[in-house]
Amino acid sequence: MSRLLLLASFLCAACLHAEDFAQVPMADGFVVPVGQNGKEYYRSRGLRANGHLGEDWNGVGGGDTDLGDAVYSTAHGIVVFARDFRMGWGNVVIIRHAYQEKGREKDAPLFVDSLYGHLLNIAVKEGDIVRRDQRIGSIGNNRGMYEAHLHFEMRKDIRVGMFRNNFPQDSSVYHDPSVFISEHPQFSAKARFAKVPINTFPTQTTTLVAKASPLPPPPSEPTPLRPPSSTLRGGVSFRVDRFSDLRLRE
Ligand SMILES: [Zn+2]
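Residues numbered from 1 in each chain as written. Predicted model: local features only at pLDDT ≥ 70, side-chain atom pairs only at ≥ 80, totals over all residues. Heavy atoms only, no water.

How do you make sense of the overall build of the protein chain when you look at a structure like this?
A count of helical and extended segments in the protein chain gives 2 helices and 13 strands. Considering the protein chain as a whole, with its 250 residues, one finds that 49% of them fall into the buried category. Nonlocal contacts in the protein chain, meaning residues at least 24 apart in sequence, comprise 74% of its contacts between residues at least 6 apart. Counting only carbon and sulfur atoms, one obtains 57% of the accessible surface of the protein chain, whose full area is about 12300 Å². (Helix = DSSP H or I, 4+ residues; strand = E, 2+ residues; numbered from the N terminus. Buried < 20%, exposed > 50% of the residue type's maximum accessible area, 1.4 Å probe, protein only. Contact = heavy atoms within 4.5 Å. Areas by Shrake-Rupley, 256 points an atom, 1.4 Å probe, with all protein chains shown as cover.)

Okay, structure coming up:
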């Protein structure tokens, strides 16, 4: 590819076309992405600016006892990334959500990306519309690199994707996931749709094609109530993941 063409394609990544939007059901609240299976989980590690940019969720049994446990979408949204990114990440799913702050329903929708890392497997495809509490994959350990856990991020900047180094690594880009969830509880509302930008990541190699799919039906099995202990319980921190402060399992 010529240098000019490279430059042109780079510049074009910054501009959105008409097809770079999808009709996506708006979130009716956000939930912790584990525990819908009735098992107990705790937050083993929290958000730290310029360090750990999300939080880690573990089964209370410790070790790899949660390996293969289901991971659920935190809210209705569209899958904008679902693939094996290798390195310290492994299988990653990113879901984009449209939402509104309570009492500001007349304002334009806001957007947030939720990221689920180190998954053992991925149960959704890019372009899929997913509903809150829908299973999107399962807890993994990135090929034995860590003890099994879910790495969970929420980004207010929907351009980050897998290019975290191109963006500030602080609260200007990242929500504290647990704080965000506690501030956006579930509410009952008729399904509303929002026009959501897609293909926003820099140097995204494939163009996402939005499917004109409605919100999938809820699972036929009723979702068991999550135990209260699976919510925002602090835990003993252990260093499991990642790049800047990676410590492999011994
Ligand atoms: Zn983590």
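After presenting the structure, the write-up continues.
Explain the side chain of His 149 here, please?
By secondary structure assignment, the location of His 149 is in the loop between strand 10 (135-138) and strand 11 (150-155). When its relative accessible area of 0% is taken as the criterion, His 149 is described as buried.

Teacher, can you tell me more about the packing of aromatic side chains here?
Centre-to-centre distance and the angle between the planes together describe a pair of aromatic rings. Enumeration according to the criterion identifies 5 aromatic pairs in this entry. Here Tyr 99 and Phe 180 contribute two aromatic rings whose centre-to-centre distance is 5.3 Å and whose plane-to-plane angle is 85°, an arrangement assigned as edge-to-face. Linking Tyr 99 in strand 6 (residues 91-99) with Phe 180 in helix 2 (residues 177-183), this pair joins segments that are 81 residues apart in sequence. Each member of the pair, Tyr 99 as well as Phe 180, carries the same accessibility label: buried. Taken together, the ring pairs connect Phe 30, Tyr 99 and Phe 180 into an aromatic cluster. The lysine or arginine in question, Lys 195, covers the ring of Phe 21, its NZ or CZ lying 4.8 Å from the ring centre. (Phe/Tyr/Trp six-rings, centres within 6.5 Å; stacked < 30°, edge-to-face > 60°. Lys NZ or Arg CZ within 6 Å of the ring centre and 35° of its normal.)

Would you mind going over the nonpolar core with me for this structure?
Across soluble globular proteins, nonpolar side chains show a tendency to be buried alongside one another. With 26 residues, the main nonpolar core has Phe 30, Val 93, Tyr 116, Ile 136 and Leu 150 as its most contacted residues. Breaking this core down by element, the ones donating at least two residues are strand 5 (77-84), strand 6, strand 7 (110-119), strand 11 and helix 2. Ala 22, Phe 81, Ala 98 and Phe 201 belong to the second-largest nonpolar core, a separate cluster that totals 17 residues. (Core = buried A, V, L, I, M, F, W, Y, C linked by side-chain atoms within 4.5 Å.)

What is the right way to read the pairing of strand 7 from this model?
Look at any regular strand and the pattern is simple: side chains alternate between the two faces of the sheet. A large share of strand 7 lies buried, amounting to 8 of its 10 residues. In terms of strand pairing, strand 6 meets strand 7 through 8 bridges, oriented antiparallel. Residue pairing across strands places Val 93 opposite Tyr 116, the latter belonging to strand 7. Both strand 7 and strand 11 contribute to a ladder of 5 bridges, which runs antiparallel. The residue bridging Ser 114 from the neighbouring strand is Met 154, located in strand 11. (Pairing = 2+ DSSP bridges.)

Honestly, the confidence of the model for the protein chain in this entry has me stumped. Any pointers?
Low pLDDT marks regions whose predicted coordinates should not be analysed in detail. Mean pLDDT over the protein chain: 82, with 73% of residues reaching 70 or higher. In this model, residues 4-14 is a region of pLDDT below 50 whose contacts with residues beyond four sequence positions or in other chains number 4 contacts. (pLDDT = per-residue confidence, 0-100.)

Can you walk me through unusual backbone geometry in this structure?
In terms of backbone geometry, most residues other than glycine have negative phi values and most peptide bonds are trans. The phi angle at Met 87 is positive, at roughly 45°, despite the residue not being glycine. Examined against the element boundaries, Met 87 turns out to sit in the loop between strand 5 and strand 6. Take Met 87: its relative accessible area is 56%, and that puts it in the exposed class. Of note in this structure, Asn 142 is not a glycine but carries a positive phi near 50°. With respect to the helices and strands, the residue Asn 142 is situated in the loop between strand 10 and strand 11.

In this structure, what is going on with the pattern of salt bridges? I would like to understand it.
Any two side chains of opposite charge can pair, so long as their charged atoms come close to each other. With the rule as written, the count across this model stands at 12 salt bridges. A salt bridge links Asp 113 to Arg 96, with the nearest nitrogen and oxygen atoms 2.7 Å apart. Placement of the pair is Asp 113 in strand 7 and Arg 96 in strand 6, with a sequence separation of 17 residues. Like Asp 113, the residue Arg 96 is buried in the burial classification. Note that Arg 164 is salt-bridged to Glu 153, the shortest N-O span being 2.3 Å. Of this pair, Arg 164 sits in the loop between strand 11 and strand 12 (174-175) while Glu 153 sits in strand 11; the two residues are 11 residues apart in sequence, bridging distant segments of the chain. Through salt bridges with shared partners, one network takes in Asp 28, Arg 132 and Asp 133. (Salt bridge = Lys/Arg side-chain N within 4 Å of Asp/Glu carboxyl O.)

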